[in-house]
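Analysis of the macromolecular model
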Amino acid sequence: MVDVILGPLITLTVFNRSKPRSELVRDLTVVGLIQLAALGYGLWTVFVARPVHLVFEYDRFRVCMPSSARGTPGPGAGRCAEDATDRAHNSGAAALSRRE
């Protein structure tokens with residue numbers, strides 16, 4: 001949205017033919033840098049949120065993100081694999097207790 005809508009609107013707001021050339025170049029350079037920063041942030045967000053694994057758990061599929069995959073540092077590291085293992089152990093224990 002920033003690169004498609006707000007970038008041209010900021011450019012139209014900043015652009016004025018009566019400004020000196022050096023000031024116009026500086027203003028448009030700042031607008032371009034803001035757009036590049038927004039594009040970089042958007043690409044980083046997509047990279048971080050990409051799915052790493054699609055795991056089938058008993059009756060559903062679960063999408064694992066890089067932050068929840070085993071072996072990656074950060075908050076929630078290993079959560080995807082550990083949750084699946086915990087559920088498997090818990091459901092197995094519940095099934096065994098029902099049989100007895």
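Up top is the structure these notes are about.
The present account deals with the structure reproduced in this document. (Residues numbered from 1 in each chain as written. Predicted model: local features only at pLDDT ≥ 70, side-chain atom pairs only at ≥ 80, totals over all residues. Heavy atoms only, no water.)

Concerning the overall build of the protein
Regarding its fold elements, the protein presents three helices and two strands. With 100 residues in all, the protein has 12% of them scored as buried. When the accessible surface of the protein is summed, it comes to about 7,800 Å², and 66% of that surface belongs to carbon and sulfur atoms. (Helix = DSSP H or I, 4+ residues; strand = E, 2+ residues; numbered from the N terminus. Buried < 20%, exposed > 50% of the residue type's maximum accessible area, 1.4 Å probe, protein only. Areas by Shrake-Rupley, 256 points an atom, 1.4 Å probe, with all protein chains shown as cover.)

Observations concerning the packing of aromatic side chains
The relation between two aromatic rings is expressed through the spacing of the ring centres and the mutual angle of the planes. One pass over the full model with this rule turns up two aromatic pairs. Relative to Trp-44, the ring of Tyr-41 has its centre 6.1 Å away and its plane inclined at 35 degrees; by these criteria the two rings are tilted. You can see Tyr-41 and its partner Trp-44 sitting in helix H2 (residues 21–48), three residues apart, about one turn around the helix. The exposure classification of Tyr-41 matches that of Trp-44, with both residues exposed. (Phe/Tyr/Trp six-rings, centres within 6.5 Å; stacked < 30°, edge-to-face > 60°.)

A few points about the pairing of strand E1 (residues 53–57)
Where E1 meets strand E2 (residues 60–64), five bridges bridge the pair, whose relative direction is antiparallel. Note on E2: the bridge partner recorded for His-53 is Cys-64. Where E1 hands over to E2, the hairpin turn is made up of two residues, of which Tyr-58 adopts a positive phi near 50 degrees. (Pairing = 2+ DSSP bridges.)

Thoughts on the pattern of salt bridges
Enumeration over the complete set of coordinates arrives at five salt bridges. The residue Arg-26 makes a salt bridge to Asp-27 at a minimum N-O spacing of 3.3 Å. Taking relative accessible area as the criterion, Asp-27 reaches 14% and is therefore assigned buried. Its salt-bridge partner being Arg-60, residue Asp-59 comes within 3.9 Å of it at the nearest N-O pair. (Salt bridge = Lys/Arg side-chain N within 4 Å of Asp/Glu carboxyl O.)

Considerations on the side chain of Asp-27
Among the structural elements, Asp-27 can be located in helix H2. With residues near it in sequence (within four places) discarded, Asp-27 still touches Val-14 and Lys-19. (Contact = heavy atoms within 4.5 Å.)

Concerning the environment of Ile-10
Position of Ile-10 among the secondary structure elements: in helix H1 (residues 2–14). Here Ile-10 falls in the partly exposed class, since its relative accessible area comes to 36%. For the pair Ile-10 and Gly-32, spaced 22 residues apart in sequence, the C-alpha separation works out to 10.0 Å.

Regarding H2
In this model H2 runs 40 Å from its N-terminal to its C-terminal C-alpha over 28 residues, within 8% of the 40 Å that 1.5 Å per residue would give. Among the residues of H2, those classed as buried are Leu-24, Asp-27 and Val-31. (Expected span 1.5 Å × (residues − 1).)

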